[in-house]
Amino acid sequence: MPESPSKTGPETAGPGAAASPPSAEETAARTEAPRVAAASLVGTTIEYYDFAVYGTASALVLGPAFFPSGNPTVSSLAAFLTFAAAFLSRPLGVVLFGTIGDRLGRRQALVASLLLMGVATVGVGLLPTYETAGLLAPVLLVTLRLLQGLSMGGEWGGAVLLAAEHAPPGRRALYASVPQAGPSLGFLLSSAVILPTLHIAGRDGFADWAWRIPFLLSTVLVVIGLWVRTTVSESPVFRDAAHRTAQAPTPAPESRFPLATLLKRYPGRLLLGTGAAIGGSAVYYLTIVYSLSYGPKQLGIPQNTMLTAASIGAAAGIAITLPAARLSDRIGRRPVMLTGAAGCVLWAVPMYASLSSRDAWLITGAYTVGLMLLALMFSPVAAFLPELFPARLRYSGASAAFILANTLGGGFAPLVATWLNSRWDSPLVLGFYTGGLCLLSLLCLLALPETRDHEFDT
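Okay, so let's go over this structure. (Residues numbered from 1 in each chain as written. Predicted model: local features only at pLDDT ≥ 70, side-chain atom pairs only at ≥ 80, totals over all residues. Heavy atoms only, no water.)

## Considering the nonpolar core
Looking at soluble globular proteins, one finds that nonpolar side chains tend to be buried together. By size, the foremost hydrophobic cluster in this structure holds 109 residues, and its most contacted members are Phe 66, Leu 355, Tyr 367, Leu 385 and Phe 402. The dominant element in this core, judged by the number of residues it contributes, is helix H13 (residues 267-299), at 15 residues. If we ignore the near neighbours within four places in the chain, the residues touching Leu 385 are Trp 156, Gly 273, Ala 398, Ala 401 and Phe 402. Core analysis: the next-biggest nonpolar cluster, separate from the first, contains eleven residues, Ala 109, Leu 110, Ala 159 and Val 228 among them. (Core = buried A, V, L, I, M, F, W, Y, C linked by side-chain atoms within 4.5 Å. Buried < 20%, exposed > 50% of the residue type's maximum accessible area, 1.4 Å probe, protein only. Helix = DSSP H or I, 4+ residues; strand = E, 2+ residues; numbered from the N terminus. Contact = heavy atoms within 4.5 Å.)

Right, here's the structure in full:
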């Protein structure tokens, strides 16, 4: 079977080629593209806000509240294990929402995933603690985390696809990268809620009751997100592909079982695509989640210092997300992503070594550089991974590659890092671990083809 989609299409037509005037439907789709990208960004930001709130709460209070132990390391490991549990259910989310997205439409899958995330997140904010409910408390917490992971399995692929498939020619990465800023924006939004709550309630008040506030505020955000997402139209690429499938005398196998067809026809693409994103996932989650716990507990760095450093770094990454994506539309995905991956390989050790200094300015500078390099690697990936697969397998393919990378490189990163630091008490361990995964991403990117000029409507 062919291993790649067609490499020719409207975006590569020569200057002398006859150009037919766009239809009214195409014109409407192009006009709507910015609004669709914004809607995708709103939903992704809310989803990652929910995830970031849990990650930060895991680092600060959930261990003692739900997994009390005389050993702080054991409590932290248990809390981060529940963080990792959500990543275990993400592949199931890929199967569920990938099937919905490839068979019924991108928009329907996105609305369902956002609703599920909202219910699970608000549920965490209402849970009784171990002191009140005993073993039932951690069981309910893990259950809600699994539901959050199920939701995240369908979120990323649908958000970037809806934006990318509405994008005008030559700007696919630019539009796809808009929802890609959602993880960092979600973290900044969570910090904007958690920092004032910590300041007003105090550390003891936050640990006692105020940690619930960021979870409960998710209700407002989810209502806004659902309203925004239900007002945009379905992807024109999906509508065309669905129409062709409906006209076919026998339905294509991928229309019934997209993930099974994906594994049969594109196993190499899926494996390499996963590897290409694994290093960036480790950088994000070790910086945004794990170090917020490791810095204060192991190195005595003030909590506000770590949150501020990560927030400034995330803001810097957001600032270059769109320019990096636009550059990849001009010169190709691989040059930009390879630069980011190589930079992360070289910068991983110095970035985490900065924690040993306990100097707020040095840590903030190191995190800023690291998260900007991450943006170089991750901005084009929102177009790159979908471009590896044809339209009727694209939701499942892009989601599976990205979610597997997030699970292997990000979901277990805090757990692995906690174990590593229990054996070798040095932040350098984080650098070598992260740098190794970024090197793997670099090698996978070298093995994959350039995809900028791939036709997107087949």
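## A short note on the pattern of salt bridges
One pass over the full model with this rule turns up six salt bridges. Measuring nitrogen to oxygen at the nearest pair gives 3.3 Å for the salt bridge that ties Arg 394 to Glu 165. Of this pair, Arg 394 sits in helix H18 (residues 391-411) while Glu 165 sits in helix H5 (residues 136-166), placing them 229 residues apart in sequence. Judged by relative accessible area, Arg 394 falls into the buried class, the value being 1%. Note that Arg 333 is salt-bridged to Glu 387, the shortest N-O span being 2.6 Å. With a gap of 54 residues between them, Arg 333 in helix H15 (residues 333-353) and Glu 387 in helix H17 (residues 381-387) connect regions that are remote in the sequence. A relative accessible area of 2% places Glu 387 in the buried class. (Salt bridge = Lys/Arg side-chain N within 4 Å of Asp/Glu carboxyl O.)

## Remarks on the side chain of Ser 190
Mapping Ser 190 onto the fold places it in helix H7 (residues 182-210). At 2.7 Å, the side chain of Ser 190 forms a polar contact with the backbone oxygen of Phe 187. In this structure, Ser 190 is in contact with Tyr 49, Ala 52 and Val 53, ignoring residues within four places of it in sequence. (Polar contact = N/O pair within 3.5 Å; in protein donor to acceptor, adjacent residues only side chain to side chain.)

## Some thoughts on helix H6 (residues 172-180)
Burial within H6 is extensive, with nine of its nine residues counted as buried. Restricting attention to buried positions, one finds in H6 the residues Arg 172, Ala 173, Leu 174, Tyr 175, Ala 176, Ser 177, Val 178, Pro 179 and Gln 180.

## Description of the packing of helix H12 (residues 258-265) against H18
As a packed pair, H12 and H18 sit with axes 9 Å apart at the nearest point and diverge in direction by 75°. As the angle between them shows, H12 and H18 are arranged roughly perpendicular. Here Pro 258, Leu 259, Thr 261, Leu 262 and Arg 265 of H12 come into contact with H18, specifically with Arg 392, Leu 393, Ser 396, Gly 397 and Ala 400. Considered class by class, the residues forming the contact of H12 with H18 number five nonpolar, three polar and two charged. (Axes fitted to C-alpha atoms, helices over the stretch in contact; angles between N-to-C directions. Parallel < 35°, antiparallel > 145°, perpendicular 65-115°, else oblique. Nonpolar A, V, L, I, M, F, W, Y, C, P; charged D, E, K, R; others polar.)

## Some details on H13
Where H13 bends most, at Tyr 290, the angle is about 55°. The buried count for H13 comes to 27 of 33 residues, which makes it a mostly enclosed element. Where H13 ends, the next residue or the one after it, Gly 300, has phi of about 75°, a positive value. (Bend = angle between axes of the 7 residues up to and from the residue.)

## Section: the environment of Ser 311
By secondary structure assignment, the location of Ser 311 is in helix H14 (residues 303-331). Separated by 53 residues in sequence, Ser 311 and Thr 364 place their C-alpha atoms 8.9 Å apart. When neighbours within four sequence positions are excluded, Ser 311 is seen to be in contact with Phe 187, Leu 188 and Ser 191. Only 2.7 Å separates the side chain of Ser 311 from the backbone oxygen of Leu 307, close enough to count as a polar contact.

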